[in-house]
Every structure is written in C-alpha cells, then in structure tokens.
Amino acid sequence: MEFSVRRLAADAGTLFSRAVQFTEEKLGQAEKTELDAHLENLLVRAEATKHWTEKIMRQTEVVLQPNPNVRMEEFLYEKLDRKVPTRANNHELLGEGMIDAGHEFGPGTAYGSALIKCGETEKQIGSAEKEFIHSAAINFLTPFRNFIEGDFKTISKERKLLQNKRLDLDAAKTRLKKARVADARSAAETELRITQSEFDRQAEITRLLLEGVSSTHAHHLRCLNDFVDAQASYYAQCYQYMVNLQKQLGSFPTTFCSNNNAPSASSSASISVAPPTLTPTLTPGQASPSLSELRSSSGPRRARVLYDYDAASSSELSLLADEVITVSSVPGMDSDWLMGERGHQKGKVPITYLELLN
C-alpha cells in the first residue's frame, strides 16, 4: 500500500510538472526544446497521410454504397462482428422487375421478350457490381483502414510519449537554471542527463515509425492499382453485357416516339439531336411474298400484328401484338405503310409489323 501511494504521488508530481511547463511555454515564460526539422517534416507528412487516407476512404465508401442508411447498417454489423445479410442491389431489383413484367406481358411477344432479356442483363450487371464492391473492400478499403486503426494509432501514441519526454526535459532544464545550492544543482544536472537520454531515445523511436509512412505510401499505391484494375474490369464487363444486349434487341423493330399523338413543343425543343425516322427498317429477308401482295392488292385484307406499335401521330393507328386488323393499300401512300382498320378506328400502320392471313 505504501509503495502504491508513493508511486501515485510521484506520477502526480510528474503530471503537475508537465502541466506547469506546458502552461509557461504557452505564456512565453519558459523555453521550449524544438524538434529537428527532419522530424517535424515527418510529423507533417504523417498527419497529411492520415487526413487524406480518411477522406479517400469515406468517398470510396460513398461510391461503393451511395445509400447512407445501408452504410450505417453495415458499419454496425461490422462493429458487432456479425455477417452483413445478403441483399439484392439496385440493378438486380430492376432486373427482377423487368423479368416479372416480361412474363406478365408474355415471353412470346416482342415487348415481353425484350423485357426479359434486359432484366437478365441488369442482373448480370448487378452481380458484376457485387464482385467489384467485394474486391474494392478487401484490396483497397481494408489496407487503408488498417493504417488508420493500426499504424497511425501507434504513431500517435509514440508521438504523445515524445511530447511528454520533451516537457520533462524542459522542466529539468528550468530546475537546473533555478538551482543555487551545489547539492540541488548536482541533482538537477543528473535529472537533466536522464531526461535528455529518455527524450533522445523516444525521438529515435518516433522517427523510425514516421519514416515507415513511406512504406505505407508504397503499399497504398499497390492497393490503388488493384482498385483501378477492379474498376476497369467491372466497367468492361458492363460494357460487354450491354453490347450483347444491343445485338439481341437488334432483332426487334424499334420506334422512338412519344406516347402522345402530338408531342409538345417544349419536349421537342429539349432534344438537340435529330429525331430518328419513324419508318421501320426492312432488313434483308424480312419482306415476304405476302407483304408484296398487300402492296399490290387494292381490296382489304386481314393481317396479324407481329409487334406492339405506338402511333406517333393522329394519322397512325396503334397496334397490339397478335391482334388481327383489316388493312388495305391506298394510292399515293408510302410503300412501307398501309391503311389499317380496327372497328371504327382507322390509321396508317407500318407494313413490316404485319403478317397477311389467308
């Protein structure tokens, strides 16, 4: 018990001495031992490394997971040392919705089939995104976090010890200046030698740790290369998926038009590119003898609609896949169009969307 009290009293005396020295330095009433320029530069570089590592980490986490609520949930699971539950990402949810809609409209229809193909591609993109996020978390974020939570904490601890040793050294210098009696001066000189030795040793330890930041930069550079490689691979996969999807959708007739019969002036003004033609393109082998017969026939004929079609103007007739309408050729009309009738509705229809019935 006596030893503990003495130790406590000694520690309290040391803390008090440091507090007095620190206060007098701030007030300009005591001298301060300055660190050498090299060590100061190392300390500044370490602080800059910590600052930018934390900032890059935060921004990378936002890129990988834009939803702040999900990020908070993942952070809590990590702190609780529990596995994060598997959830579908936005691309996968979109893909599932498209596939369900495609089956609802019918896989045999052009629109339904296209929705299913798009949905499958979106799910592929979602899977590639998960692989990219997993790779970035392991090869990029984890090393950065290990530096902040490991190496830099050690540097901060040793830096604080160096600050304490410096205060002890300067306090010893002050006591030596104030000593007047020979015995007191001898004791102060002994204390100064001890504190100087401890300060020099701690400064060397801190310097070695700070010089290790160069190795950290080299390691983070390798991690950055891994992150860029993973990102490039992810975007290349997505590009290839979309190119393949474009090729698959190329087999469907496509029209780019408004759902309204008369597009508004404001929407037309907002589009800077020339509007694509509304006339469906006739690919080789697509025209059949029955279509030629429709063009030359003057009387009405029954035809089955192959694909959905939205009328671009009041002079056209909207079509639904698999419905049967009456069509006829009108003198002077473009050869790619026929006049279609459905009950009391009448309007132009694209010939390549039709199949003549017997």
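All values derive from a computational prediction rather than experimental measurement.

A. Spatial organisation of unusual backbone geometry. At D322, a residue that is not glycine, the phi angle is positive and equals roughly 80°. As for its position among the elements, D322 is in the loop between strand 1 (301-305) and strand 2 (324-328).

B. Structural context of helix 2 (residues 37-64). Taking 1.5 Å of rise per residue, the 28 residues of helix 2 would be expected to cover 40 Å, and the 40 Å separating its terminal C-alpha atoms lies within 8% of that figure. Taken residue by residue, helix 2 has L39, L42, L43, A46, T49, T53, M57, T60 and L64 as its buried positions. Structurally, helix 2 contributes buried residues whose contacts are with helix 5 (110-178), helix 6 (182-211) and helix 7 (213-249). Backbone nitrogen of H38 and a side-chain oxygen of the N-cap are separated by 3.1 Å at the start of helix 2; the cap is D36.

C. Layout of the nonpolar core. In this structure, F132, F140, L210 and Y234 are the most contacted members of the largest nonpolar core, which totals 32 residues. At the level of elements, helix 2, helix 5, helix 6 and helix 7 are the ones that each hand at least two residues to this core. Broken down by element, the residue count for this core peaks at 15 residues, all from helix 5. Apart from the residues within four sequence positions on either side, F132 is in contact with L64, F227, A230, Q231 and Y234. Among the nonpolar cores identified, the runner-up in size contains 13 residues, and V349, I351, Y353 and L354 belong to it.

D. The side chain of T53, seen in detail. Examined against the element boundaries, T53 turns out to sit in helix 2. Overall, the relative accessible area of 4% leaves T53 in the buried class. The residues touching T53, leaving out its near neighbours within four places in the chain, are F144, F147, I148 and H220.

E. The arrangement of the pairing of strand 4 (residues 345-350) in detail. Sheet analysis places strand 3 (residues 337-342) next to strand 4, joined by six bridges and oriented antiparallel. When the bridges of strand 4 are listed, M339 appears paired with K348. Taken together, strand 3 and the strand that follows it, strand 4, pair antiparallel across an intervening segment of two residues, in which G343 is found at a positive phi of about 65°.

F. The arrangement of the environment of T195 in detail. Locating T195 in the fold gives a position in helix 6. Spatially, the C-alpha atoms of T195 and A172 are 7.3 Å apart, while their sequence positions differ by 23 residues. Sequence-distant contacts of T195, defined by excluding residues within four places in its chain, comprise D168, L169 and A172.

The rules behind the values
Residues numbered from 1 in each chain as written. Predicted model: local features only at pLDDT ≥ 70, side-chain atom pairs only at ≥ 80, totals over all residues. Heavy atoms only, no water. Helix = DSSP H or I, 4+ residues; strand = E, 2+ residues; numbered from the N terminus. Expected span 1.5 Å × (residues − 1). Buried < 20%, exposed > 50% of the residue type's maximum accessible area, 1.4 Å probe, protein only. Contact = heavy atoms within 4.5 Å. Polar contact = N/O pair within 3.5 Å; in protein donor to acceptor, adjacent residues only side chain to side chain. Core = buried A, V, L, I, M, F, W, Y, C linked by side-chain atoms within 4.5 Å. Pairing = 2+ DSSP bridges.

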